[in-house]
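# Residue-level structural notes
Okay, here's what each chain looks like letter by letter:
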Amino acid sequence: IKVLLDVAHNPDAMEHLIHKLAVSYPSNPMRIVVGFSADKDLQDCGSTLLSHVKDPHRIHLVEAAHPRAAKLEDMLEAEPRLREANFDEANRSITAQVKLAIDLVEQSRDNADLKTSREEEIVVVCGSVFLMAEAREAIGIDEPRDSKYIAEVAGANLRHGQEFFADTGIDADMADKK
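Residues numbered from 1 in each chain as written. Predicted model: local features only at pLDDT ≥ 70, side-chain atom pairs only at ≥ 80, totals over all residues. Heavy atoms only, no water.

## What to know about the layout of surface pockets
Heads up, the condition is: Cavity and pocket criteria rest on a 1 Å grid covering protein atoms alone: a 1.4 Å probe that fits but cannot get out defines a cavity, protein on both sides within 12 Å along at least 5 of 7 lines defines an open pocket, and an atom within 4 Å of a point defines a lining residue. Grid points are joined across faces, edges and corners, and a volume is the space filled by probe spheres set on the points. Secondary structure is summarised from DSSP: a helix means a run of H or I of at least four residues, a strand means a run of E of at least two, and numbering begins at the N terminus for each. Gly is put with the polar residues, along with every residue not named as nonpolar or charged; the nonpolar set is Ala, Val, Leu, Ile, Met, Phe, Trp, Tyr, Cys and Pro, and the charged set is Asp, Glu, Lys and Arg.
Within this model, the largest pocket holds a volume of roughly 290 Å³. The wall of the largest pocket is formed by 14 residues, among which Asn 28, Pro 29, Met 30, His 52 and Val 53 lie closest to the centre. Sort the elements by how many residues they give to the lining of the largest pocket and helix α1 (residues 11-24) lands first, with 3 residues. Taken together, the residues that form the lining of the largest pocket break down as 9 nonpolar, 2 polar and 3 charged.

Next comes the structure, spelled out in structure tokens:
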């Protein structure tokens, strides 16, 4: 199964990603696993996605385990048509929806009618950079991790310390004076 990872996380980036996918994989059906940062225009992101993915059941909504991640409820409120997408209020994890998307692709692959009539279905994981470490882990990419101490300091005790890129709470001017 082909899984593509992209950090398209705002309407313009979503448009660019959707266009690139249409050019690169014009006849491949796709499942899109997506989550956003809370500071993005969730309604515009959702409607942009839905304007290109005609079947909302092919969309899987996730909520990254990060303080800046958009809440599932906020995504659904911003774009109510996403209520038809795949999501799990009890388990909002990236891993759960990536695995569900892959399982659904495998099921469709096992369907004899689909074997002869369609290109290979692709899973696209996109959205906030905060969800990429867990997405890579979910698809089995084993990558080096910082030591526990460095991850604790850099990641503010987040599950994936390398996801914490900003908002350290330290004013840049004050940091320069130290």
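From this point on, the discussion continues.
## A short note on the environment of Cys 45
Rules: Burial here depends on accessible area, computed with a 1.4 Å probe over protein chains only, as a share of the maximum for the residue type. Under 20% is buried, over 50% is exposed, and the range in between is partly exposed. Note on definitions: a residue-residue contact is assigned when non-hydrogen atoms from the two residues lie within 4.5 Å.
Along the chain, Cys 45 turns up in helix α2 (residues 42-52). Taking the relative accessible area as the measure of exposure, Cys 45 reaches 0% and is therefore buried. Sequence separation between Cys 45 and Ala 13 is 32 residues, and the spatial gap between their C-alpha atoms is 9.2 Å. Contacts of Cys 45, omitting those with residues within four sequence positions, involve His 9, Asn 10, Pro 11, Phe 36 and Lys 40.

## Comments concerning the pattern of salt bridges
We count it as follows: A pairing counts as a salt bridge when a side-chain nitrogen of Lys or Arg comes within 4 Å of a carboxyl oxygen of Asp or Glu.
This model, assessed by the stated rule, comprises 7 salt bridges. Between Glu 63 and Arg 92 there is a salt bridge, and its shortest N-O distance comes to 2.8 Å. Of this pair, Glu 63 sits in the loop between β3 (59-61) and α3 (72-78) while Arg 92 sits in the loop between α3 and α4 (94-110); the two residues are 29 residues apart in sequence, bridging distant segments of the chain. Overall, the relative accessible area of 21% leaves Arg 92 in the partly exposed class. Among the salt bridges present, the one from Arg 81 reaches Glu 79, with a minimum N-O distance of 3.0 Å. Residue class for Arg 81 comes out partly exposed when judged on its relative accessible area of 44%. Taking relative accessible area as the criterion, Glu 79 reaches 5% and is therefore assigned buried. The structure contains a network of salt bridges with shared partners spanning Glu 63, Lys 71, Glu 73 and Arg 92.

## Here's the deal with the nonpolar core
Selection criterion: Within this scheme, the nonpolar core is defined by two criteria: the residues are buried Ala, Val, Leu, Ile, Met, Phe, Trp, Tyr or Cys, and they are joined through side-chain atoms within 4.5 Å.
Core analysis: the largest hydrophobic core is formed by 25 residues, its most contacted members being Val 34, Phe 36, Leu 49, Ile 59, Leu 61 and Val 124. Listing elements by their share of this core, those giving two or more residues are α1, β2 (30-35), α2, β3, α3 and β4 (122-127). Core analysis: the second largest hydrophobic core is formed by 16 residues, Val 62, Ile 94, Ala 101 and Ile 102 among them.

## Quick look at empty space enclosed by the protein
For the coordinates displayed, the defined rule picks out 2 cavities of 30 Å³ or more. The volume enclosed by the second largest cavity comes to roughly 30 Å³. Residues of the lining of the second largest cavity, tallied by class, amount to 6 nonpolar, 2 polar and 1 charged.

## As for the sheet that holds β3
Spelled out, the test is: What makes two strands pair is DSSP finding at least two bridges between them. With axes taken as lines fitted to C-alpha atoms, and helix axes fitted only over the stretch in contact, angles between N-to-C directions fall between 0 and 180 degrees.
On the basis of which strands lie adjacent, the open sheet formed by 4 strands has the order β1-β4-β2-β3 and parallel pairing. The open sheet terminates on both sides in strands that have one partner only, identified here as β1 (2-6) and β3. Mean inter-strand twist for the sheet, computed between neighbouring axes without regard to direction, equals 20°. Inspection of the sheet shows β2 paired to β3 by 3 bridges, in the parallel sense. Paired with Val 33 across the bridge in β3 is His 60. Strands β1, β2 and β4 of the sheet are contacted by α1, whose axis makes an angle of about 165° with β4. On the sheet, α4 packs against β1, β2, β3 and β4 and is oriented at approximately 175° with respect to β2.

## Thoughts on the confidence of the model for the protein
Our working definition: pLDDT measures the predictor's confidence residue by residue and takes values from 0 up to 100.
Summary statistics for the protein give a mean pLDDT of 82 and a share of 76% for residues scoring 70 or more. This model gives residues 161-178 a pLDDT under 50, and the stretch forms 23 contacts once residues within four places in sequence are excluded.

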